[in-house]
Every structure is written in structure tokens, then in C-alpha cells.
Amino acid sequence: MKLTVHVIEARNLLAMDFNGSSDPYVKIQLGKYRFRTKVVKKCLNPLWDEEFCFRVEDLKEELTISVFDEDKYFNDDFVGQMKVPISEVFNADNKTLGTAWYPLQPKTKKSKNKDCGDIRLTISLSQNNSFLDPMPTVPSSFNGDYVPPTEKSANITRESPALSPYDPMEEAIPAKQEKSCKVGGRFFQFFLGKTEETISTTNESSVPLDVPNPNASENQSGDPSSGITFDEGLRIMESKDQGGEVPNNLPGGVLVDQSYLISPADLNSLLFSPNSKFMKSLAELQGTTDLQEGTWALENDGFRLKRAVSYTKAATKLIKAVKATEEQTYLKADGKVFAVLVSVSTPDVPYGSFFRVELLFCMMPGPELPSGDLSSHLVISWRMNFLQSTMMKGMIEGGARQGLKDSYVQFADLLSQTVKPVDLKELGSNKEQILASLQMEHESDWKLAVRYFGNFTVVSAVFLGLYVLAHILLAMPSTIQGLEFIGLDLPDSIGEVVVCGILVLQGERVLEMIARFMQARLQRGSDHGVKAQGDGWLLTIALIEGRSLAAVDSTGFSDPYVVFSCNGKTRTSSIKFQILDPQWNEIFEFDAMDEPPSTMDVEVFDFDGPFDEATSLGHAEINFVKSNLSELADVWIPLHGKLAQACQSKLHLRVFLNNTRGTDIVKDYLTKIQKEVGKKINVRSPQANSAFQKLFGLPPEEFLINDFTCHLKRNFPLQGRLFLSPRIIGFHTNMFGHRTKFFFLWEDIEDIHVVPPSLATVGSPSLVIILRRGRGMDAKHGAKTQDEEGRLKFHFQSFVSFHVAHRTIMALWKARLLTPEQKVQIVEEESEAKSLQTEESGLFLGIEDASMSEVYSSVLAIPINSLMELFSGGYVDRKVMEKVGCLDYSCTPWEFVKPDVHQRQLCYKFDKHVSRYGGEVTSTQQKSPLPGRNGWVIEEVMTLQGIPLGDYFSLHLKYQVEDLPTRSKACNVQVFLGIAWLKSTRHQKRITKNVMMRLAERLKEMFSIVEKEFMPGK
């Protein structure tokens, strides 16, 4: 829902200034969003007449209206405030409180001034929620005072790539969900827009949605400028642009993110100009017909440019041809940056009146090219805007997501044929040419000194000094009086004391400035141009410029410099004097590293002299794991911190990370790690590394070291796979159709504990990984607990080979954090550990659903309730398992997972007559009723430990137990088996045949024992 607040005027406000007046403005806040009005100078009865819009996410929130008096030199004074619960607006007639006067209240009840004045407002709620972000609809609000919600990561990070191709493509669909999936499939087919000649077109009874008549809208709005041309409308928006930020991407995801060899203005015209040939070509490609484009019209006094477009989407196998209407609105157009919000309405599709699909097109200047040609960066994001609540929300979103994804693949392909894309990898690889083009700004010492000392403080001090010196030369010597004597001349009046004090203070300030200037000159360019030493991972940073830095000096400027920190080493830029938009053009190199860095800290300081603590103007973190190196080749990084966020400060950087040793660096790194682990670590193939990178959305330089099967302990154990690489530790599972995936950096880990085996850990030791405070929040959904200090704790258990996993994890963690001296000490302490058994090398292929085949089917002459005792954990369960050769059998009670689904863990060892190797089994079982409530389905994922190649595969079993309607005391049992291969081996066929044969014998024996237990005479 959308909340509209119209701030009209105020009366009888308190006079906060000495002149008996105030400079009032209003701050409006709802949840995480804040706006402010313009300032009305010297007025106690101000008129604002401004309107603001908010998206309402919770009816329990309160709208806060606060009035402040602007103060030029000190903090703004609080005048009064009032609060309105959103529920009160929702429950009002027509969901509006109308236009009314509201009394302003003091901040506390103890305030002396109880009467703070009144404010006149109009507050109303509406269902229309199609705007992009909560933002005002009047120009005065676009003044940088809008505060968006805090983001979890820096803007330089990108959306992670799609799931790895070795993930399961589809899950089994229960019969009761078939109808819902058909609805989702219809949305998928609609947004995909592929033609199908065998399907009929729209029914005659359907009502077409025509494009609104531009003339009619003009008459209704009364705006005489609605008939202007497209180019004129853009020029008017550009002239009224207030310099606001580019809207954030919509939360549904990014459909297109590409740079093109075309200017943003030309790309905008290509996509949205009237009668665009590109859009007509796209319509032909996707089978869209009846394309009708309305004329562009200005709204909101020239701050919005809007038009309507209608068309008929092609028929598909699941849905007929339907009419769609787009409302296209320019949110920003300043000549360089264009943002267009497209709201798509499809009322003819199932549940079409419940939602709208919203797309955001952002066209910005692209990276600077060595050729000097202009480029643009196009980002298209989307979201679903539900106008009404529906139980089909998940299905609708899923169908729309897949349909939009495939549709915009066609869009991107056609655009790439029309306009040449910019190859960011090629741009990033041209490092030497880019760095050579940078020219450091040289400024003479005299010009710098004049600019630095040319301020009021120095000029006034010099003037006073010369004035006093001239007075001394012109004045006659005074007679000795009072306590004076020869050589000591004391002030003869209070005025002389004041003048002496002013001279001393001014002289002290000038001397401090001279000292700061000389110290800064010595520090200027201290690390610029220093070449890196050694071979390995070479990090190079080009510091180009800063923008809108905070002013902390009394002169209204700052003396900024930048410090880069990576792997315990720092590089410092030169100091720029008395400037808020500095130009550096300096290059810094870090000495080569054995492993690629994970993060780099960037902090901007204001130089306050050699003995004073520097003031931080803002900081940022560059995460090399979450950022593609091609994107860092030319990037603007927003700074964080109170001063930086208030001024929207940012830095322009070019970051390059190169491997100067090629593939040898990977082999050397693995050799070093395997010495600490005590086990040979094989280099994974390019296919395995590519699959690992796609699974977690990692950059191409990240490579897989090892992976282990284990359980993630949260409310209940979740079986999956733990992946280790030089910079991250990640977990992935796809248990019963539910995917869980996360990773965090080795540097995020504060401590690792080993928990001894217990019944809760199914007889296996477990690892508890504790992260540093505030780190790894992207992986919070995988943590078991979060302590009082805000540290996340991850529990991993049931490793196939715990000792190998533990030693590998500890070696990689210590390799990232410890100094060389500490590493040598740890290796010496652990040198007496037992050598570990080597395993056959394998290729990681991914986690897939096993192909199920029937291995057992029989009709048992016992009731279904009696058979289910086999899965109860009671006497029958234990007796049967012991008789089939399962030793030390233990199981956890069934735990509630979700409605009609329960889960438990099993652990036992094989008797020698079952497997001559012995071996241990850990498994997870889920129990749920059949759709008709006439039986049960038990799904089991089984992991084998301590047998040859046991960690190369896992077993997936499905027991289906069903009542027989024709026989009252009988049930039908079917068991299906699937083998999920975690690594490849040439023995796959042999292992599959052996497992299926042994399992069939075991199942036959198990159900025979159960049948005899309840039918003794048989």
C-alpha cells in the first residue's frame, strides 16, 4: 500500500532565533525512510505545500512528523513533532484522515514550552503501490535528503550468477501440486512469449486494453505541456533535475547487466523513443502483435515523463494470447543517467488483477575506453508488485521469474546485434595501457602555498601583525609606570590585553598551519609509483579522484588522503590541500602474495598535522570474492561512515589483480597445504573449478581445494557438502528439494572448536566454527546460533573422514591468518600426528538427485500400522535392524519439520557378514503421509563411511507404504533406490550392481522379519 503525506503549512511556531523568527522545515519518517521539505526563511507561519509518498510494509508502524529550525553554524533546533499510527489511517473512512490541523508536541514532557504550534497535513492510504522506491513527487524533495535503507553489501558487488548447471533441474511434483504448477507454468509461458500456431487467439468476449488517449489525459490533467515531443520532454526533465542518486535495483533480481559501445542518451533513444525500430524488431522476434505506443507527456510540473504502451503477447501451449499494458515513467533523466520504471499489467492472465510486474531500466555512463569512445552501462531489474494477497504468490513469482529471464535473454541477444557490447574482460586486461594514460596532476609549491594559506585566518593574522608593527614604528616610547621596569613593557589597559591575546592566538594558528603544511609536503606521494616485489598475486590500485568529501576544517574544506590496507600491508596516497573533490591519478602496488587476497580496506582521512589524530572522512571494503575483477577495472565506490553518508562521498578507483606465475602458483599453494594436512591434494580439473565457481558465484581466479560430505546442524541435521578453497568455506545441499547454500571468508573466522561425539551428533565429532562479530551476515541462515556478542556459530558433523576434514580446514584457516613464524610452530607441534590414508583421486561433479529405480515390491499380510513400527524407533525397529546385521544402532526421535513432515537421524555399523570392511552408516529419514492419507512415504539419504570409495556416492531410498482397499489386514510396500555420485570413478557400474543386489536382499529379509513378528504362525 502507498501512504501519501501532503505537508501544507504550519502556524504559531516557536521563535528559535535571536531575531524573533525561525527558518523551519519538516522531516517525515516512516520506518527506514526519511524525507524533508524545503526551508522557509524567517517565518513562523510557513507554507510548504509539498507531497511525499511511502511504501507501507507494516500497519504497526508510526508516521513521525518533526519540525526543525535550520541553523547555519550549529545543530538544527527542534521545534515540535507529532506521530500518527498507520493503523489509524487504515481504519479511517476511505482510508484517509483528510486535511486537518495537528498540534505539535515537545520532545519531552519536561520541556518548558508546551505550545509548539500547529501543522496542517493531509494523510491518506491507497492500494496503488507501483512506484519504485519511497520518494517524493515534488522537485524540492530531490535534494539529497532522502535516506534509503542500509544495504548489506557495497554497491560494487554484483548479483551472484545462477545456480550451477549440475544442480537438479526439476523436483518431483506431488499430485496435489499439479494444478498449482500448471498455473506457474502459464506465467512462465506468458512472460517467455514464444509463439504457437496451434493455439487460438483471444476470446471475443475479452475486453481489449487500449492505450489511453493522450488528448484525454491532457484534458484531464490540464497540463498544456503534455503534447511536447520526446526530446523536448527529456530536456525539460534535465533542466529540472536536482542531482538525486540513481534508483537502486529492484529486489526481484537483475535480468540484464551489460555495457555497450554507445552513449547513454543514444541508448535511451534506441529503447524508448517513439516508433523505435529496436522495439518493433523485438516484438517480431517474440511474436508480439498489436503494438500501440502512446505519446510521451509531462506530469508533476515537468518532473515525470510518462506514456502507455499496449500489445498482445503471443499464444503459448499453456495460455492464450493476452493483452498487456505498460506504463513507462522516467524517474531520472539528467542527460547522462536515465532511469525508466515500467509497470506491466496483464489482467487477462490467471490472477492477473492481483499483481503487476515492474521493470527498472537504468542507463548510466559505462567504463572509460582506451579509444576514448563513449560507452553506457545498462541494468534491467524487476520485481512483482502484489496489489492483493493470494495463496498463489509463490507460483506466480516462479512462473514470472523464469519467463522474464528467458524473454530478456532474447532482448539482450537482439541488443547485442544492434549495438556492440563492451568486453569488460578485455578492458580489464589492458592494464598497462590504462595505467599509462593516467597523468598525475603537478602543482608548483608557490601555487599550492597560495591556495593553502590564502584564507581568512592567515590573511587576518598577517594584517594584524603588520598593523601592530606599523603602530610600534609610529608610536613614541611610553614612560615606565606601574610594575614596569626597563626591558619589561606591560599592557596599560584591558584593550591592550585583548589585542595581545588575539595576536598570540592568531600567531599560534598560523604556526600550526605552517607545521601541517611542511609535514604534509614531506608525506606527499610517499607510496605512489613504488614497484611491487616478487612473483605471485600482484594487486595494483589506481586512485583517480574523490567526490563530495566531508568538510571538517574551519575553512570549509579538508586535506584528504587515502590509505589502502590488504593482507596486513598498507599504501598511502599523497595529501590534497583544501579541497573536497580531489584529483589524485596515483598508482599503488602491493608486493606479490602467495594466495589471492579476499578483501581490501579503503579509508579516507583528513590530515590534521604530525601530532594530531587524523579524522576519518569515510571508509569502504572491496570484497574480491564477491566482485568480478573486470567490474573493478573502473568503479566508483561509495564511502561509509557518518560524515561520508551525509555528503554521499565516493572514490573513483581502478583495481587490478594479476597472477604473475600462472598455473604454477596453484600447484605451489596445494603443495604447501598438503604438507600441513599430511595428505595428497590433487589439482581439480577446469570443469570442476568452473562448476564450483558457478555454484557460489565466485570469480574465475578462485579454485576448489577439497570437498567433504557432512551434516549442517541447525534445528535438525541437514546433509550436504562442505567446499574449501583458498579464500572461502562454503556449504551446499539440496535435501528433499530444499536448497541451502552459503559461504564465508576464512578471515571471518575467529575460532574453531571440536565437540566430542555424542548421541546428539549421531556418534560423530563435530566442528563448531565461530565467526567474528558482525562478519558473515550473508550466511546467517546457515548458523545454528548467534551469541550475545553478535557472533555466528556454525555446527558441522558426521564427516565421512573427520580427521582429514578437520586438518584441512585448520590448515587453510591458519594459512590465511597466521604469520610465517606461527605457521612453522604449528607444523612442528603437529608433526607427530598419524599419517592419513590416501584416497583415490576423483572429480567433483556436483550434487544431483539420484535416478530412482524400484528394488523391492511386495504385499505384506499385516496392517499398515504394524509395518510402520519398523520406522518408530521402538522395539521392533531395533530388533529388525540388529537381525539384519546393524550393530550399535541408534536413532533420534522424529522431529517436526513442517506440517505433515517429520525427520530423524540414524547411525549404525555393519556386521562383518554384511560387509567385510565393517563401515559406519549415517542417514536422514523424512516421513510424510500420501496425498490420499492412505499410507506413508519415507525418504532416506544414506551416507557410508569406512568402506572403499564410500565418500564417492550417497544412497537415496524411498519407501512407499499403502493400504490395500481389497484386503483389510494387508498393505503394499514399494522401495526405490537411487545412487547420487559425488565424485567420478571407473568403478561406478560395479558399485551400482553390488549395492542394488545387497540392498534387495537386505530389504527382503527386513520385511520378512517384520511379517513374522506380527504373524507368529506364519
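The structure displayed is predicted, hence computed values, not measured ones.

Caption draft 1: Inspection of the sheet that holds strand 8 (residues 118–126) at higher detail. Taken in spatial order, the four strands line up as 4-1-8-7 in an open sheet, and their pairing is antiparallel. Looking along the sheet, the strands with just one partner apiece sit at the ends: strand 4 (47–55) and strand 7 (96–103). Averaged over neighbouring strand pairs, the angle between their axes works out to 20° when direction is ignored. Summarising the sheet, strand 1 (residues 2–11) and strand 8 pair through nine bridges and their orientation is antiparallel.

Caption draft 2: The pattern of salt bridges, seen in detail. By the definition in use, this model includes 24 salt bridges. A salt bridge links Asp707 to Arg684; its shortest N-O distance comes to 3.0 Å. A residue pair is termed long-range when its members are at least 10 positions apart, and Asp707 in strand 25 (residues 706–713) and Arg684 in the loop between helix 15 (664–677) and helix 16 (686–696) qualify at 23 residues. Residues Asp707 and Arg684 agree in their burial class; the two are buried. Salt bridges linked by common partners bring Glu750, Asp787, Glu789 and Arg791 together as one network.

Caption draft 3: Structural view of the sheet that holds strand 21 (residues 599–606). On the basis of which strands lie adjacent, the open sheet formed by four strands has the order 19-18-21-22 and antiparallel pairing. Looking at strand neighbours, the two that pair on one side only are strand 19 (569–572) and strand 22 (615–623), the edges of this open sheet. The average angle at which neighbouring strand axes cross in this sheet is 20°, direction not considered. Note: strand 21 against strand 22, eight bridges, orientation antiparallel. In the sheet register, Met600 faces strand 22, and the bridge partner there is Ile622.

Caption draft 4: A look at the environment of Ala15. Along the chain, the position of Ala15 falls in the loop between strand 1 and strand 2 (24–30). Here Ala15 falls in the partly exposed class, since its relative accessible area comes to 42%. Expressed as a C-alpha distance, the spacing of Ala15 and Cys43, which sit 28 residues apart in the sequence, is 8.8 Å.

Cut-offs used in this document
Residues numbered from 1 in each chain as written. Predicted model: local features only at pLDDT ≥ 70, side-chain atom pairs only at ≥ 80, totals over all residues. Heavy atoms only, no water. Pairing = 2+ DSSP bridges. Helix = DSSP H or I, 4+ residues; strand = E, 2+ residues; numbered from the N terminus. Axes fitted to C-alpha atoms, helices over the stretch in contact; angles between N-to-C directions. Salt bridge = Lys/Arg side-chain N within 4 Å of Asp/Glu carboxyl O. Buried < 20%, exposed > 50% of the residue type's maximum accessible area, 1.4 Å probe, protein only.

Scope: geometric values only; no functional claims are made or implied.
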